[in-house]
Amino acid sequence: MKFNTVFCVAGAILLNIAVCGEAALNTKIVGGQDATTGSWPWQASIFSVSFGFDFCSGSLINKEWVLSAADCFMGTPASDLVVYLGRLTQNGSNPHETNRTVIKIIKHPKYNSLDQKLALIQLSSPVTFTDYIKPVCLAAAGSVFVDGTDSWVTGWGTIGTDELTGFKFPAILQEVETPIVNNFQCDVAYGGIITNNLICAGFFNEGGKAPCAGDQGSPLVSKQGSKWIQSGIAVYSIGCGLPEYPAVYIRVSEYQDWISYYTNSSMPGFVPFPLILSIGSGGSIILFPFSLALTFSIIPLIFFHFF
């Protein structure tokens with residue numbers, strides 16, 4: 001019985017990895033513009049019923065859980081939230097959209113610390129996956145995103161100022177390409193606050209291309225093969241992308257155990273980045289095929305549970 005259970009768990013993990021990170025309608029090459037329908041099918045718009053507007057973002061990680069930032073839910077009860085999936089515009093028709101109320105908000109127990117400001121949102125019922133609504137893959141423990149890794153961040157946060165309200169928010173989901181910045185450089189810029197639980201992305205010589213107010217919880221993703229993998233959760237940005245201050249994100253790979261603990265009924269797809277499994281003769285790097293890499297990631301799980 002235990003043997004059968006382990007293979008059921010392993011099968012479920014393989015299934016979720018097979019589904020996650022696929023964005024059939026995404027053809028992005030360069031960024032800094034309006035997104036198009038279905039480009040980022042895991043993007044979640046988190047809406048406050050009492051205030052009547054979207055105030056944070058998140059990412060769908062399986063059929064019933066959304067990953068976001070803990071700061072979004074300080075004093076906000078689950079009963080006040082609606083999560084929209086498959087949404088492109090905040091003003092107008094979204095024919096591929098669905099929504100769910102929220103039954104539970106789980107903030108990391110040390111969410112008062114900058115490098116642990118993450119939260120999980122449990123939806124009221126599972127969603128059906130389509131080309132417009134799909135979970136993102138999550139960076140597995142041990143993943144390494146080197147300096148310059150191509151990445152994208154998306155959200156409906158502030159894009160400028162308005163004379164009447166002080167803030168200008170876009171109707172259409174925004175996307176921007178933003179390279180990973182190594183932690184050492186980022187730590188120097190921020191005066192020593194960047195830990196291993198954080199990851200940075202942005203530009204040192206160009207401003208305005210970063211998350212801003214309303215983008216908390218937005219996913220930072222990179223593409224590997226046909227899969228999009230989430231490396232970060234937006235939590236901090238000085239001046240919405242001032243030059244020399246890359247945006248700061250929670251490093252998702254550092255929280256695989258915590259995320260898995262609460263979502264074990266439908267495990268998210270955790271994928272190692274990059275898929276480097278061996279060093280060949282002469283120091284050459286060998287990249288195994290995706291399916292083989294999954295096999296090797298599952299074997300330790302089987303032996304751990306079986307023995």
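Residues numbered from 1 in each chain as written. Predicted model: local features only at pLDDT ≥ 70, side-chain atom pairs only at ≥ 80, totals over all residues. Heavy atoms only, no water.

Per an unreviewed UniProt entry, the protein chain goes by the name Serine protease 27 and belongs to Anabarilius grahami.

(A) Inspection of the nonpolar core at higher detail. If you look at the biggest cluster of nonpolar residues, it comprises 54 residues, and the most contacted ones within it are Leu 67 and Ile 259. Here this core takes 5 residues from strand 7 (residues 118–123), the largest share from any one element. If we ignore the near neighbours within four places in the chain, the residues touching Leu 67 are Gly 58, Ser 59, Ile 61, Leu 118, Ala 119, Leu 120, Leu 138, Gly 217, Gln 230, Ile 233, Val 252 and Ile 259. Counting residues in hydrophobic clusters, the runner-up holds 18 residues, among them Ala 139, Leu 220, Tyr 249 and Val 271. (Core = buried A, V, L, I, M, F, W, Y, C linked by side-chain atoms within 4.5 Å. Buried < 20%, exposed > 50% of the residue type's maximum accessible area, 1.4 Å probe, protein only. Helix = DSSP H or I, 4+ residues; strand = E, 2+ residues; numbered from the N terminus. Contact = heavy atoms within 4.5 Å.)

(B) Just empty space enclosed by the protein, in detail. For the structure shown, the criterion picks out 2 cavities of 30 Å³ or more. In this model, the largest cavity occupies a volume close to 90 Å³. Lining the largest cavity, in full, are Thr 36, Thr 37, Gly 38, Ser 39, Trp 40, Pro 41, Gln 43, Gly 86, Arg 87, Leu 88, Tyr 132 and Leu 173. Class assignment for the residues of the lining of the largest cavity results in 5 nonpolar, 6 polar and 1 charged. As a volume, the second largest cavity reaches approximately 40 Å³. As for the second largest cavity, its lining consists of Gly 202, Phe 203, Glu 206, Lys 209, Ala 210, Gly 241, Leu 242, Tyr 245, Pro 246 and Ala 247. Of the residues that constitute the lining of the second largest cavity, the class distribution is 6 nonpolar, 2 polar and 2 charged. (1 Å grid on protein atoms, 1.4 Å probe; cavity = no way out; pocket = protein on both sides within 12 Å on 5 of 7 lines; lining within 4 Å. Points joined across faces, edges and corners; volume = space filled by probe spheres on them. Nonpolar A, V, L, I, M, F, W, Y, C, P; charged D, E, K, R; others polar.)

(C) Representation of the state of the cysteines. The tally for this structure, following the rule as stated, stands at 3 disulfides. What pairs with Cys 56 in a disulfide is Cys 72, and their sulfur atoms sit 2.0 Å apart. In this structure, the disulfide formed by Cys 56 and Cys 72 twists by about -95 degrees around the S-S bond and is classed as left-handed. Taken together, the positions of Cys 56 in strand 3 (residues 53–60) and Cys 72 in the loop between strand 4 (65–69) and strand 5 (81–85) put the pair 16 residues apart, joining distant regions of the chain. The burial state of Cys 56 is the same as that of Cys 72; both residues are buried. (Disulfide = S-S within 2.5 Å.)

(D) How the structure looks around the sheet that holds strand 6 (residues 98–107). Taking strand neighbours around the barrel as the criterion, the 6 strands line up as 2-3-4-7-6-5 in a closed arrangement whose pairing is antiparallel. Averaged over all pairs of adjacent strands, the angle between their axes in this sheet comes to 40 degrees, without regard to strand direction. As paired strands, strand 6 and strand 7 are joined by 5 bridges and run antiparallel to one another. The partner of Ile 105 across the bridge, within strand 7, is Ile 121. (Pairing = 2+ DSSP bridges. Axes fitted to C-alpha atoms, helices over the stretch in contact; angles between N-to-C directions.)

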